[in-house]
Amino acid sequence: MGMSAEHPGYESSPAPPAPLLRRVLHGPYGVRAGWRIALWMGAFLFLLSAILLALGGAGVRLGLEVSTAVELVCALLAGWGMLALVDRRPLGALGYAADPDAPRDSLLGFGLGAAAITAAVGVLTVAGTVRWVADSGSWPEYVAALGGALLLYAVAAAAEEAIFRGYLFQALVQGVGAWPAVMATSALFAAAHLQNPSIDALAVANIFLAGVMLGWAYLRTRSLWFCTAVHLGWNWMMSAALDFPVSGLVRDTPLYDVRAAGPRWMTGGDFGPEAGVAATLVIVALTALLLWAPWVRESERMRALGPLVDARLGTGA
């Protein structure tokens, strides 16, 4: 017969540890971030492959514009699926919420991004290393070029933000904290541009710094509208309005053409201003502004949706 719990010599056993599998899979915020990131990546790559194969089979020309739009759709679908099925959070928690502050965030972000690259080009202009000359074209062509570039760069910026500041980044912040996640995803962001034309070490460093800046643009607002708009304002102003290459990719603007003359470390050469020290200075300055400006903040609507990063950092971080 067994000894009863009331027997004088009985000592109660400690509670058994959690099963090993549960400890491997689960952490303080539910399923561990590493597993969730792996699930998101698998879903993203599966959707991307399936859609691109389907479009290719249907005879759709898979140019840069189509591929970028598909990447955006797949990153969002994978992120929304993870939020709904694993994290049990509303889809808007990813950052593209129907938020009354979204127009404000978008206009503010666009203005900051456009102003930052304009400041960098202003430095080059004052230094006498860039100038603009007349080019062929008409005003209707010019307006159409500005509008087309706005749409193209909006989709491209949204795709990159959904991939690098979307679910992957947010789950990583929840798992390891803000700065480690910012540094890791910024390294991935820079690595994704290594095949761009005319890239060099300074360009890679500046893209890494831009990733840090955009990571904090998200963390200060929890809004992908905001960091997408910063990204868009920078690229659109640099390419469509100022006629520079964007990360080595050239898109012509009618009516005028830019001419750069000077050391590559200053002008960025064929890669564009992002490979110059003027861009380094303005990216660092914009990052500092985003970190400390009181008007860069998480909205009440976003706070109510409960973004993943709030669980680790608290609100208003």
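Worth saying up front: this structure is predicted, and the values here are computed from it rather than measured.

(A) Focus on the side chain of Glu 274. When you line up the elements, Glu 274 lands in the loop between helix H10 (264–267) and helix H11 (277–292). Although Glu 274 is buried, it makes no salt bridge; Arg 264 carries the closest opposite charge, 10 Å away. At a separation of 3.1 Å, a polar atom in the side chain of Glu 274 contacts the side chain of Trp 234. A distance of 2.8 Å separates the side chain of Glu 274 from the backbone nitrogen of Ser 247, its partner in a polar contact. Not counting residues up to four positions away in its chain, the partners in contact with Glu 274 are Leu 202, Ala 203, Asn 206, Trp 234, Asn 235, Met 238, Val 246, Ser 247 and Ala 279.

(B) Main features of the environment of Asp 99. Tracing the sequence through the fold places Asp 99 in the loop between helix H3 (64–87) and helix H4 (102–126). With a relative accessible area of 7%, Asp 99 lands in the buried category. Spatially, the C-alpha atom of Asp 99 lies 8.9 Å from that of Glu 300, the residues being 201 residues apart in sequence. The contacts of Asp 99, once residues within four sequence positions are left out, are Ser 299, Arg 301 and Met 302.

(C) Region of interest: the pattern of salt bridges. Evaluation of the coordinates by the stated rule reveals seven salt bridges. For Arg 222, the salt bridge is made with Asp 310, and the minimal N-O distance between the two is 2.6 Å. You can see Arg 222 sitting in the loop between helix H8 (201–221) and helix H9 (224–241) and its partner Asp 310 sitting in helix H13 (residues 308–313), a full 88 residues away along the chain. Under the relative-accessibility criterion, Arg 222 is labelled buried at 0%.

(D) Inspection of a nonpolar patch on the surface at higher detail. On the surface, Leu 39, Leu 85 and Val 86 cluster together into a nonpolar patch covering about 280 Å² of accessible area. Summarising the element assignment, Val 86 is placed in helix H3.

(E) Representation of the packing of helix H6 (residues 167–176) against H8 in the model. Interaxial distance between H6 and H8 falls to 12 Å at its minimum, and their mutual angle equals 75 degrees. Comparing their axes, H8 and H6 come out roughly perpendicular. Only Gly 215, Tyr 218 and Leu 219 of H8 make contact with H6, whose side of the interface consists of Phe 169, Gln 170 and Val 173. Residues of the contact of H6 with H8, tallied by class, amount to four nonpolar, two polar and no charged.

(F) Spatial organisation of the packing of H4 against H9. Close contact between H4 and H9 brings their axes to 6 Å; oriented N to C, the two are set at 35 degrees. Considering only the axes of H4 and H9, their crossing is right-handed. Together, Ala 102, Asp 105, Ser 106, Leu 108, Gly 109, Phe 110, Leu 112, Gly 113, Ala 114, Ala 116, Ile 117 and Thr 118 of H4 and Trp 225, Phe 226, Ala 229, Val 230, Leu 232, Gly 233, Trp 234, Trp 236, Met 237 and Met 238 of H9 make up the contact between the two elements. In the contact of H4 with H9, the residues fall into 16 nonpolar, five polar and one charged.

(G) Spatial organisation of the packing of aromatic side chains. For the structure on display, the rule yields nine aromatic pairs. Between Tyr 96 and Trp 225, the ring centres sit 5.0 Å apart and the planes meet at 75 degrees, which makes this aromatic pair edge-to-face. Taken together, the positions of Tyr 96 in the loop between H3 and H4 and Trp 225 in helix H9 put the pair 129 residues apart, joining distant regions of the chain. The class for Tyr 96 is buried, based on a relative accessible area of 15%. For Trp 225, a relative accessible area of 33% corresponds to the partly exposed category. Ring geometry for Phe 169 against Tyr 218: centres 6.1 Å apart, planes inclined by 80 degrees, an arrangement best described as edge-to-face. Of this pair, Phe 169 sits in helix H6 while Tyr 218 sits in helix H8, and the two are 49 residues apart along the sequence. A residue is classified by how much of its surface remains accessible, and Phe 169, at 0% relative accessible area, is buried. With a relative accessible area of 0%, Tyr 218 lands in the buried category.

Calculation rules
Residues numbered from 1 in each chain as written. Predicted model: local features only at pLDDT ≥ 70, side-chain atom pairs only at ≥ 80, totals over all residues. Heavy atoms only, no water. Helix = DSSP H or I, 4+ residues; strand = E, 2+ residues; numbered from the N terminus. Buried < 20%, exposed > 50% of the residue type's maximum accessible area, 1.4 Å probe, protein only. Lys, Arg positive; Asp, Glu negative; His and termini not counted. Salt bridge = Lys/Arg side-chain N within 4 Å of Asp/Glu carboxyl O. Polar contact = N/O pair within 3.5 Å; in protein donor to acceptor, adjacent residues only side chain to side chain. Contact = heavy atoms within 4.5 Å. Patch = residues over 30% accessible without salt bridge, like charges linked within 9 Å, V, L, I, M, F, W, Y side chains within 5 Å. Areas by Shrake-Rupley, 256 points an atom, 1.4 Å probe, with all protein chains shown as cover. Axes fitted to C-alpha atoms, helices over the stretch in contact; angles between N-to-C directions. Parallel < 35°, antiparallel > 145°, perpendicular 65-115°, else oblique. Nonpolar A, V, L, I, M, F, W, Y, C, P; charged D, E, K, R; others polar. Left-handed = near helix turned anticlockwise from the far one by under 90°. Phe/Tyr/Trp six-rings, centres within 6.5 Å; stacked < 30°, edge-to-face > 60°.

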